[in-house]
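Observations on chain architecture
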Amino acid sequence: MKGLLFSNSHEWVKIDHDIATVGISDYAQSQLGDVVFIELPQEGSSFDKNSQFATIESTKTASEVYMPLSGEVIKVNSELTNNPQWINNDPYDKGWIVKLKIKNISETESLMKDDAYKDFVEKEAH
Amino acid sequence: MITMELKKTPFYQKHLEHKAKIVDYAGYALALEYKSILGEAKAARNTCGLFDASHMGQLVISGNKSFDFIQQAVTNDISQLVPGQMQYNLFLNDKAKVLDDCMVYCRKDDFFCVVNAANKEKVYNWLKQKKISGVDIRDESDGTALLSLQGPVSSFLIDDVVERKVSDLKYLSFEEFSFSGHKIVISRSGYTGEDGFEIYLPWAKALIFWDKILEAGRDRGLTLCGLGARDILRIEAGYPLYGHELSEDIDPYTAGLGWAVKLNKEFNGKKELSGLKEKASLQKRIGFVLKERGLPRQGYGVFFNGSCIGRVSSGIFSPNLEQFIGMAFVDRNILGSAKDIQIGIRDKLYKAEVVRFPFIQPRVKPSK
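Right, let's talk about the overall build of chain B for a bit. The helix and strand inventory of chain B stands at ten helices and 20 strands. Here chain B holds 368 residues, and 57% of them are scored as buried. Entry remark: accessible area of chain B is about 16,000 Å², with carbon and sulfur atoms responsible for 51%.

Given below as structure tokens:
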């Protein structure tokens, strides 16, 4: 997934100027199993990096989703409410969760690029 | 990681080959899911699903007093059975709470009891302790593999594999069939509410049977199903599961299983149970459907008019109803005949409606 950044709690971020799109990685969705529900945050709410902003319910478990960057939620993917399976089927495109107005771009420095994230996942899986 | 101590069924390697997610279930390494829990649960209603249930405990009670002994041990009336028939039963402890639920198979010379894996040791020891002379109790769990084939297409697959048709087999009946030179037992039964079969095999023949069934099902929608799908299907059918709707804190009436208790006979726990029926236990098991999206899980509170009146015992997203459904124990008197309740999920209350069991009407073949 070229061009994406990843957190060690398996969220991905796509940066476009001061806007970040956030979702969960393909590895994360494969660990969750079938997603059946997502509790989304309110548009306009602000979150600090690493704070919980959504909950994903899968057939197996309820998982918290954490902010990879601090900022204000300017848009939520409300279509996920009726199509939670998009998180499984298309985690990097239709399965995006929120768009964020980035508060502090320097926070991206602690995120992993795709190669580093691939290694990270391989280590975690073993 | 799975530790080495977990017991493996004869199908363990097959589960790995099919990329199952393996979990520890009652000390057994079993498949939670293969590809998708929801897809598996749909397949079992639309075509057919194959489940490895070899972890279930199998106890054989034999001897000239075996009828009297079992009849005293269980709540249902096994005098209704002729050889070749089976019946749902409960074992109660001395406080009339549920030790385990089980299926009793009435054979020509003995009784075959299928119990929950997690309760097998407990039930075996309890039976041993109650044993009377003229009764012998054997644990045959380790030599016996159990596959469950469930769904509308199941009978066609079985017909392809065994030497004669299973179409005449009635619901909750069983017979011996010949397979690859061995006798195997097939019952028309299951834990899904669909037409289906449970197949008891000696370990030596288990893998050959697995391969043959998969071959027979290749172009007919046969889907391997794990424990996740099994849980969804039993909840949709309204069936209780030990550890959720049954335990040593729950009596049969609270669990809604009064139909499996026959007061016209003697059984262990009857004295303690009598009176309960008339008084009606304080709690009852209900089914509910969420009116908004949210997943009810075991332990979540059930609310009515602002106060907590009970707890969720099981909850799922039902892929066959496309609704969030669950079971709960609630205060019978406070709820009355009201239908509108709420489920507390994390810090919010979600609207739900009390519904009658089952969520999905059974499609089993008539038994008589």
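From this point on, the discussion continues.
Here we come to the interface of chain A and chain B. Each partner contributes residues to the interface: chain A has 16 residues there, and chain B has 18 residues. Surface buried jointly by chain A and chain B totals about 1,400 Å² across both partners, of which 49% is contributed by carbon and sulfur atoms. Across the pair Glu57 of chain A and Arg346 of chain B runs a salt bridge whose closest N-O atoms are separated by 3.0 Å. Counting residues per element, the ones that place at least two in the side of chain A that touches chain B are β4 (35-39) and β6 (52-58) of chain A. Here the residues of the side of chain A that touches chain B sort into four nonpolar, eight polar and four charged.

Turning our eyes to something else, we now look at the sheet that holds strand β8 (residues 71-76) of chain A. Strands in a sheet are paired, the pairing made by backbone hydrogen bonds, and the direction either parallel or antiparallel. Residues and elements named next belong to chain A. Sheet architecture is open: seven strands sit in the order β5-β8-β9-β3-β2-β1-β10, paired in antiparallel fashion. One side of each edge strand has no neighbouring strand; the edge strands of this open sheet are β5 (46-47) and β10 (112-113). Here strand β3 (residues 19-24) pairs with strand β9 (residues 98-102) via four bridges, running antiparallel. If you follow Ile19 over to β9, its bridge partner there is Lys101.

This part covers the pairing of strand β2 (residues 21-25) of chain B. A regular strand carries its side chains on alternate faces of the sheet. All names here are of chain B. Pairing of β2 with strand β3 (residues 28-33), which is carried by five bridges, proceeds in the antiparallel orientation. Counterpart to Ile22 in the pairing with β3 is Ala31. From the end of β2 to the start of β3, which pair antiparallel, there are two residues, and Ala26 there has a positive phi angle of about 50°.

As enumerated under the stated definition, the model contains 18 aromatic pairs over all chains in all. Ring geometry for Phe179 of chain B versus Phe209 of chain B: centroids 5.0 Å apart, planes at 75°, classification edge-to-face. Placement of the pair is Phe179 of chain B in strand β11 (residues 174-179) and Phe209 of chain B in helix α6 (residues 203-217), with a sequence separation of 30 residues. Accessibility expressed as a relative area gives 0% for Phe209 of chain B, which makes it buried. Geometry around Trp96 of chain A places Lys99 of chain A over its ring, the cationic atom sitting 4.7 Å from the centre. Across from the ring centre of Phe177 of chain B, 4.2 Å away, lies the NZ or CZ of Arg164 of chain B, which sits over that ring.

This part takes up the packing of helix α2 (residues 37-46) of chain B against helix α7 (residues 227-236) of chain B. Residues and elements named next belong to chain B. Running from N to C, α2 and α7 point in directions that differ by 55°, and their axes come no closer than 8 Å. On the basis of the axis angle, α2 is oblique to α7. The crossing of α2 and α7 is right-handed. For the pair formed by α2 and α7, the contact residues are Ile37, Leu38, Glu40, Ala41, Ala44 and Arg45 on the first element and Gly228, Ala229, Ile232, Leu233 and Glu236 on the second.

What follows covers the sheet that holds strand β12 (residues 182-187) of chain B. Residues and elements named next belong to chain B. Read across the sheet, six strands follow the order β11-β12-β13-β10-β4-β14 without closing on themselves; strand pairing throughout is mixed. Edge positions in the sheet fall to β11 and β14 (222-225), since each of these pairs with one other strand and no more. On average, each strand axis in the sheet is tilted by 25° relative to the strand beside it, whichever way the strands run. For strand β10 (residues 144-150) and strand β13 (residues 196-202), the ladder comprises seven bridges, and the chain directions are antiparallel. Residue pairing in the sheet places Leu149 in a bridge with Phe197 of β13. With respect to the sheet, α6 is in contact with β4 (48-52), β10, β11, β12, β13 and β14, its orientation differing from that of β13 by roughly 145°.

Domains assigned within chain B are domain 1 (7-54 + 142-236), domain 2 (57-139) and domain 3 (282-355). Each of domain 2 of chain B and domain 3 of chain B has a C-alpha centre, and the two are 34 Å apart.

Our focus in this paragraph is helix α4 (residues 120-130) of chain B. Considered for burial, the residues of α4 of chain B that qualify are Lys120, Val123, Tyr124, Trp126 and Leu127 of chain B. The buried side chains of α4 of chain B occupy one side of the element, clustering within an arc of 165° when seen end-on.

On to the side chain of Asp195 of chain B, then. Residues and elements named next belong to chain B. In this fold, Asp195 is placed in the loop between β12 and β13. Accessibility expressed as a relative area gives 5% for Asp195, which makes it buried. Separated by 2.8 Å, the side chains of Asp195 and Arg188 make a polar contact. Leaving out residues up to four positions away in the same chain, Asp195 has contacts with Gln150, Gly151, Pro152, Ser154, Arg188, Arg363, Val364 and Lys365.

Here Ser155 of chain B lies in helix α5 (residues 154-161). Excluding residues that lie within four positions of it along the chain, Ser155 of chain B makes contacts with Val166, Arg188 and Phe197 of chain B.

Attention now goes to the nonpolar core. Phe288, Val302, Leu335, Ile341 and Ile343 of chain B are the most contacted members of the largest nonpolar core, which has 42 residues in total. Here this core spans two domains, and each of domain 1 (7-54 + 142-236) and domain 3 (282-355) of chain B adds at least three residues to it.

What counts, and where the lines are drawn
Residues numbered from 1 in each chain as written. Chains lettered and ligands numbered in written order. Predicted model: local features only at pLDDT ≥ 70, side-chain atom pairs only at ≥ 80, totals over all residues. Heavy atoms only, no water. Helix = DSSP H or I, 4+ residues; strand = E, 2+ residues; numbered from the N terminus. Buried < 20%, exposed > 50% of the residue type's maximum accessible area, 1.4 Å probe, protein only. Areas by Shrake-Rupley, 256 points an atom, 1.4 Å probe, with all protein chains shown as cover. Contact = heavy atoms within 4.5 Å. Buried area = accessible area lost by both parts, 1.4 Å probe. Salt bridge = Lys/Arg side-chain N within 4 Å of Asp/Glu carboxyl O. Nonpolar A, V, L, I, M, F, W, Y, C, P; charged D, E, K, R; others polar. Pairing = 2+ DSSP bridges. Phe/Tyr/Trp six-rings, centres within 6.5 Å; stacked < 30°, edge-to-face > 60°. Lys NZ or Arg CZ within 6 Å of the ring centre and 35° of its normal. Axes fitted to C-alpha atoms, helices over the stretch in contact; angles between N-to-C directions. Parallel < 35°, antiparallel > 145°, perpendicular 65-115°, else oblique. Left-handed = near helix turned anticlockwise from the far one by under 90°. Domains from an automatic or database assignment. Arc of directions from axis to C-beta. Polar contact = N/O pair within 3.5 Å; in protein donor to acceptor, adjacent residues only side chain to side chain. Core = buried A, V, L, I, M, F, W, Y, C linked by side-chain atoms within 4.5 Å.

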